[in-house]
Protein chains: 2
Amino acid sequence: MIENISQNKVFNGWQKQYTHDSNSLNCAMRFAIYLPPQASANSPVPVLYWLSGLTCTDENFMHKAGAFRKAAELGIAIVAPDTSPRGENVANVDGYDLGQGAGFYLNATQAPWSAHYQMYDYVTQELPALIEANFPVTSVKSISGHSMGGHGALTIGLKNQSAYRSISAFSPIANPMRCPWGQKAFSAYLGTDKSTWQNYDASYLLTQDKAELPMLVDQGDADQFLTEQLMPEALSAAAEQHGSKLTLRMQPGYDHSYYFIASFIDDHLIFHAKHLQG
Amino acid sequence: MIENISQNKVFNGWQKQYTHDSNSLNCAMRFAIYLPPQASANSPVPVLYWLSGLTCTDENFMHKAGAFRKAAELGIAIVAPDTSPRGENVANVDGYDLGQGAGFYLNATQAPWSAHYQMYDYVTQELPALIEANFPVTSVKSISGHSMGGHGALTIGLKNQSAYRSISAFSPIANPMRCPWGQKAFSAYLGTDKSTWQNYDASYLLTQDKAELPMLVDQGDADQFLTEQLMPEALSAAAEQHGSKLTLRMQPGYDHSYYFIASFIDDHLIFHAKHLQG
C-alpha cells in the first residue's frame, strides 16, 4: 500500500511523492519518483535509483538536480528514497551525521539503531519490489548517489552486481572506514568489530575482486570535504588492483553542492541510459 | 559596497550571493547572480533580471529553476533579487502575502510600509546600477519572473520599455487590481485610491497603449491559483486592444511550482537571448 501525497508535471512527465509503511525499516517512509512521458503499462521504463547525502530527504534531488529534461529525453524513471528511517519512535541523536537523515545505506546491528536502521535491505529489496509492483517500470535498474549516497550507490551496486546495470556517484564517501563520517557511523551502527565495516566500504570491496559493472564517479576538486572525508584516490587505487571499470573524473573548481550535481547529471543519465537500454 | 557571501561553480560559470546596504530600501539586501563562463571584463554579457514570487528569496530560482545550462550556453547573466526589504526594523505582518517576502515590486506610499517598501526603485534603478558597476556585464537587459514576480516583470518592463529588450513571465498575477492577492497588497502599500493601483497592473497598462517590447508568458492550466489570482485572459485581452506583442502559452497539466518553471525556462532564455543579442 502506497499513498500519493504530491504530484507535479515536469518536462511532460510526473514527479510524485508517496508514503508507505516500510517492513524493513519498521516505520512510515516517503519516497519520490520521476516518471518520464514514455512510461506506460504498455511501455515500462528502466529505473535509476538515486541515494541522497547527509541531511537530505527524498526532495533534494527532485528540487535541485535539474535531471528531468534529460531523463524525459532518455525515458528513464528516477526513484529517490529518504536517507534514513524517520519518526518519533526512531532512534536519533543531535548532529547531522548520525541518526535520522544519516542512515548510511547499511543494516545496523547495534542497539538502539538496529530496530529501524536497515536501509540496505530497504534500498536493495523492499523499495525496488514496491516500485516494480506499483509503477510502469521494468526490473532493469541502475544506481547513483551523492556523498553518503555515493557511498550507498557504490557499495550496494558492487554487492549486487546482477541486480544493477551500472553505478555512478558524485563526491562519494569512497573509503568510509578511514574517514571521520564513516568511522562515527560504522561504530554506532555496526559496533567496534571493524571486520563488519569492510562490507560497507566501496574501496575495500574493490580490493577483493574485479567489479564487472561500469562505474562513473565525478568529484569536484574544490570540494570542502575532499581530503578528510571523501578520498576518491583510495577508490581509484582499489579499482586498479583488479582492473575494475571505474572512470573517476576530477572536476576543477566544483564543490560539494547540488550546483556540482546539476552541472554533470546529464552525463550520468547518458551513462546509465547506455547500460539500461543496451 | 557589496559583500560576497557564497559562491558555487555551476556549468562552468559561477552562482554567487552578495549583501549590500540598499539606499532605496533603507536596509541590508541580498541578491544572487549567475555569471556564465563567457563573462569577463573584456567580454561583458547581457543580464536577465529574475523576480521571484511570494515567500521567495534570492535563492529559489538559483536552486530550482535549472536555468544554468542554457544560460551558460547562451552567455547570459541572471540576477535574482530578494522579494522585499528584510530585517527586524522592516514592517511586517503575519501571513505570506503581505510584508516581508511580498514586496510586489512597487513603491509603497502608505505608513508603515513606505519607509522600506520601495522595490520598484530598487529593481529599476539601484540594483542595475550596482550590477553594472561590479560585474562584467553590459547595460543590455531583459526581465522575467514568476507569479508576484511575473507581475513585477510585466509592470516594470512595460513602464521602462527603453531599459529592457524583452519581458517574460511564468504564471504572473496579470491583473492584480482584480484579484485577492493584489487587492490586499495594493490596499496596504498604496492606500484606497484605486487610481494609484493602475500604475502597477500589467493588464491595465496594456489597455493604455501599445507595448513595443516582445512578451512571452507561460501559464499552467492546472495552476491552483489560475482562476482566482492570475487571470492571464485579462492580459491577453488587453494586449489585443493595441496589438501588443504578447505570446501567451497555456501549458496543459502544469501547476504553479518550480517544476513548471524548470520545464520551460530554456524557452524563456532562448527568447530573451534573441532580443538581448539582436
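The rules we used
- Residues numbered from 1 in each chain as written.
- Chains lettered and ligands numbered in written order.
- Predicted model: local features only at pLDDT ≥ 70, side-chain atom pairs only at ≥ 80, totals over all residues.
- Heavy atoms only, no water.
- Helix = DSSP H or I, 4+ residues; strand = E, 2+ residues; numbered from the N terminus.
- Rg over C-alpha atoms; globule rule 2.2 N^0.38 Å.
- Contact = heavy atoms within 4.5 Å.
- Areas by Shrake-Rupley, 256 points an atom, 1.4 Å probe, with all protein chains shown as cover.
- Lys, Arg positive; Asp, Glu negative; His and termini not counted.
- Charge placed at Lys NZ, Arg CZ, Asp CG, Glu CD.
- Least-squares fit on C-alpha atoms with pLDDT ≥ 70 in both.
- Buried < 20%, exposed > 50% of the residue type's maximum accessible area, 1.4 Å probe, protein only.
- pLDDT = per-residue confidence, 0-100.
- Pairing = 2+ DSSP bridges.

### Comments concerning the overall build of chain A
Right, so step 1: Counting its secondary structure elements, chain A contains nine helices and nine strands.
Right, so step 2: Relative to the compact-globule value of 19 Å for 278 residues, chain A shows a C-alpha radius of gyration of 17 Å, a close match.
Right, so step 3: When contacts within chain A are restricted to residue pairs at least 6 apart in sequence, those whose partners lie at least 24 apart make up 72%.
Right, so step 4: As displayed, chain A offers around 10000 Å² of accessible surface, 47% of which is attributable to carbon and sulfur atoms.
Right, so step 5: Across chain A, the centroid of the 17 positively charged side chains sits 7 Å from that of the 25 negatively charged ones.

### Some details on the relation of the copies chain A and chain B
Note that the two copies of the chain are related through a rotation about an axis and a translation along the same axis.
Right, so step 1: Screw-axis analysis of chain A against chain B gives a translation of 0.0 Å along the axis, an RMSD of 0.0 Å, and a rotation angle of 180°. Taken together, the rotation angle and the small translation identify this as a two-fold axis.
Right, so step 2: The residues that chain A uses at the interface reappear at the interface of chain B in 100% of cases, marking a shared surface.

### Side note on the environment of Tyr259(A)
All names here are of chain A.
Right, so step 1: Its place among the elements puts Tyr259 in helix H9 (residues 258-276).
Right, so step 2: Here Tyr259 falls in the buried class, since its relative accessible area comes to 10%.
Right, so step 3: As a C-alpha pair, Tyr259 and Ala222 span 37 residues in sequence and 12 Å in three-dimensional space.

### Description of the confidence of the model for chain A
Right, so step 1: Per-chain confidence: chain A averages 98 in pLDDT, with 100% of residues scoring 70 or above.
Right, so step 2: Interface confidence for the predicted complex, given as ipTM, is 0.95, next to a pTM of 0.97.

### Section: the pairing of strand S5 (residues 77-81) of chain A
Residue and element names in this part refer to chain A.
Right, so step 1: S5 sits mainly inside the fold: five of its five residues count as buried.
Right, so step 2: Here four bridges tie strand S3 (residues 27-35) to S5, and the two strands are oriented antiparallel to one another. By the bridge assignment for S5, Tyr34 is matched with Ile78.
Right, so step 3: By the bridge criterion, three bridges tie strand S4 (residues 45-51) to S5 in an arrangement that is parallel. Bridge assignment links Tyr49 to a residue of S5, and that residue is Val79.

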